[in-house]
Amino acid sequence: MHPCLAQQSENVTLRFVSFPRLAKPQPIELLIGEGKTLEVEIPSNQLSAPYSVKRLATWAVGKIGEGTDGTPKFKVYGKARALSSSQQLLLLVRKGATNADGFTIIPFDNRATQFGSRKFLFLNATKIDIAGEVGAKKFALKPGRHTIIRPTADQGKDLCHAIFYYRKEKAWKSFFSSNWPLRDKARGLIFFYNDPRTSRLKLHSIRDFL
């Protein structure tokens, strides 16, 4: 079989998480072929169960409805170019209160070599600059950007110090400081965002056990 055809027929494992968080996020449909969809869960406080699907060049989520000619039509709520990885984590960032308001989709390589245990994924979903130092590893994030780091234990065995800052005009101000555990079978997803009701800067974390 031609290598390109073999790659196209390969299955990919997808997991999902949505943000900003909702108490009970509604499922959404993933386009998996011409006119074919798969309903997937998009939880906010944990990663979804794994879904095995055929590899596609683009991941699109939305809803099957009826077109003007009466035939089924897929309405796209968000899409992103697929990664080459056989294991992908799709972060769905909400643009509004409902699925129909749309999503920005950010795919991550979900293999353990890229995003495995004792690592943290940080995503800046605010409109301001965020910086931090976790286990002696420093990072800075512009709005909409993300990074994955593997901190060292600097507070004793399997414990690291985390401190985060935001930029106000030209000054940096701290807004969070704590000691975090490091586990061989766990990783963390950390989202910085503004509370839609109060606009206050918040941090939301998810621990995923491998």
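All figures in this text were calculated on a predicted structure; none of them were measured in a lab. (Residues numbered from 1 in each chain as written. Predicted model: local features only at pLDDT ≥ 70, side-chain atom pairs only at ≥ 80, totals over all residues. Heavy atoms only, no water.)

1. A look at the environment of D195
In step 1: Position of D195 among the secondary structure elements: in the loop between β15 (186-194) and β16 (201-209).
In step 2: Under the relative-accessibility criterion, D195 is labelled buried at 5%.
In step 3: Spatially, the C-alpha atom of D195 lies 26 Å from that of A80, the residues being 115 residues apart in sequence.
In step 4: The contact partners of D195, leaving out residues within four places of it in the chain, are R200 and K202. (Helix = DSSP H or I, 4+ residues; strand = E, 2+ residues; numbered from the N terminus. Buried < 20%, exposed > 50% of the residue type's maximum accessible area, 1.4 Å probe, protein only. Contact = heavy atoms within 4.5 Å.)

2. Here we look at the packing of aromatic side chains
In step 1: Applying the stated criterion across every chain yields a total of 16 aromatic pairs.
In step 2: Note on F139 and F164: the rings are 6.1 Å apart at their centroids and 55° apart in plane angle, and the pair reads as tilted. Note that F139 is positioned in strand β11 (residues 137-141) and F164 in strand β13 (residues 159-168), a separation of 25 residues in sequence. Residue F139 shares its accessibility class with F164, and that shared class is buried.
In step 3: Members of the aromatic cluster, each reached through a chain of ring pairs, are F120, F122, F139, F164, Y166, F175, F176, W180 and F192.
In step 4: Geometry around F115 places R187 over its ring, the cationic atom sitting 4.4 Å from the centre. (Phe/Tyr/Trp six-rings, centres within 6.5 Å; stacked < 30°, edge-to-face > 60°. Lys NZ or Arg CZ within 6 Å of the ring centre and 35° of its normal.)

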